[in-house]
Amino acid sequence: PDCRYTCHQQCRSLVQLDCRRPSPGQLSPESTLVLPCSQNVTKAVEEKPKPPTVEEIKQKIEKYNAKVTNCLLMKLNDDGTYTGFIKVHLKLRRPVTVPAGIRPQSIYDALKEVNLANMTDKRTSFYLPLDAIKQLHISSTTTVSEVIQGLLKKFMVVDNPQKFALFKEMRRDGQVLFQKLPLTEYPLYLRLLAGPDTDVLSFVLKENETGEVEWDAFSIPELQNFLMILDKEEKDKIQQVQRKYEKFKQRLQQTLKEARGKPG
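These numbers were taken from a predicted model, which means no experiment stands behind them.

**Student:** Help me out: how do you make sense of the overall build of the protein chain in this one?
**Tutor:** The helix and strand inventory of the protein chain stands at five helices and eight strands. By residue count, 26% of the 264 residues in the protein chain fall in the buried class. Contacts spanning at least 24 positions in sequence make up 67% of the contacts within the protein chain whose residues lie at least 6 apart. Just so you have it, the protein chain exposes about 19,900 Å², and 53% of that area is on carbon and sulfur atoms.

Shown next as structure tokens:
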């Protein structure tokens, strides 16, 4: 049958339908369509922002350093790269795995790049202090992945770096917003753009939440430690509930005892 489909003229060669053409005296709705001014249709290509020039970086660094209230300035190098400081808040809810019986890393070890974690195969798990802050001196070429690995090394954490993620924390209209940063992002450039005010932008290390815990990423000793910690937390919670209701029971018995001694 005559379907009389509607089609632009430049698209006719691309459309194949099993239907007869209308007679010359019949007009198809396609004849009422207005042809575009140009037959060549080009798709808009999203242009990537051009990287800033050395002069633009220099101006941004000067503005940044003018707002710094401490000595944590940024410094421009001759090759166009620059160095500076970022602070990372550690907000880890799960325990981390560290070498057992190893002393904290000294300045000598850090300068000599001594990896104390490789000195023993024994492992133990513990919770890092909540809201602990670590200050890092990094370069403009330092990626998020390198920042995460550097933090784990400083705290001698031997967990897989893929278990962690770096977030940027922003405050807007009284709300706190978190955004996970890609591993290839450059934190120091984000710091430069935002300025030194940590209320505008700060960095947070958290667990890399993927919706479900990837238990295959944990070793057997880690899983055993998790069970021990959960068992201890469960017993502590039970004791808290028992103490709470024991106090409630004592107050109730005391109230009943006092009520019996009163007339009426």
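**Student:** I'm lost on the packing of aromatic side chains in this one. Help?
**Tutor:** Two measures describe an aromatic ring pair: the distance that separates the ring centres and the angle between the ring planes. Throughout the structure, instances matching the rule amount to zero aromatic pairs. The positively charged end of Lys 206 is found above the aromatic ring belonging to Phe 167, 5.2 Å away from the centroid. In this structure, Lys 206 packs its charged tip against the face of Phe 178, placed 4.4 Å from the ring centre.

**Student:** Please explain the nonpolar core as it appears in this structure.
**Tutor:** It is characteristic of soluble globular proteins that their nonpolar side chains tend to be buried jointly. Residues Ile 86, Val 88, Phe 164, Leu 166, Phe 203 and Leu 205 are the most contacted members of the largest nonpolar core, which totals 32 residues. Elements that contribute at least two residues to this core include exactly helix 1 (54-67), strand 2 (82-90), strand 3 (96-99), strand 5 (132-139), helix 3 (144-154), strand 6 (164-172), helix 4 (187-194) and strand 8 (202-207). Among the elements that take part in this core, helix 3 stands out by supplying five residues, more than any other. Residues in contact with Leu 205, not counting those within four places in the same chain, are Val 88, His 89, Leu 90, Lys 91, Leu 92, Ile 148, Leu 151, Phe 164, Ala 165 and Leu 166.

**Student:** In this structure, what is going on with the pattern of salt bridges? I would like to understand it.
**Tutor:** Side-chain pairs of opposite charge can arise whenever the charged atoms involved come near each other. Overall, the coordinates contain five salt bridges when judged by the stated rule. Beyond isolated ion pairs, a larger network of salt bridges with shared partners links Lys 91, Glu 169 and Arg 171.

Cut-offs used in this document
- Residues numbered from 1 in each chain as written.
- Predicted model: local features only at pLDDT ≥ 70, side-chain atom pairs only at ≥ 80, totals over all residues.
- Heavy atoms only, no water.
- Helix = DSSP H or I, 4+ residues; strand = E, 2+ residues; numbered from the N terminus.
- Buried < 20%, exposed > 50% of the residue type's maximum accessible area, 1.4 Å probe, protein only.
- Contact = heavy atoms within 4.5 Å.
- Areas by Shrake-Rupley, 256 points an atom, 1.4 Å probe, with all protein chains shown as cover.
- Phe/Tyr/Trp six-rings, centres within 6.5 Å; stacked < 30°, edge-to-face > 60°.
- Lys NZ or Arg CZ within 6 Å of the ring centre and 35° of its normal.
- Core = buried A, V, L, I, M, F, W, Y, C linked by side-chain atoms within 4.5 Å.
- Salt bridge = Lys/Arg side-chain N within 4 Å of Asp/Glu carboxyl O.

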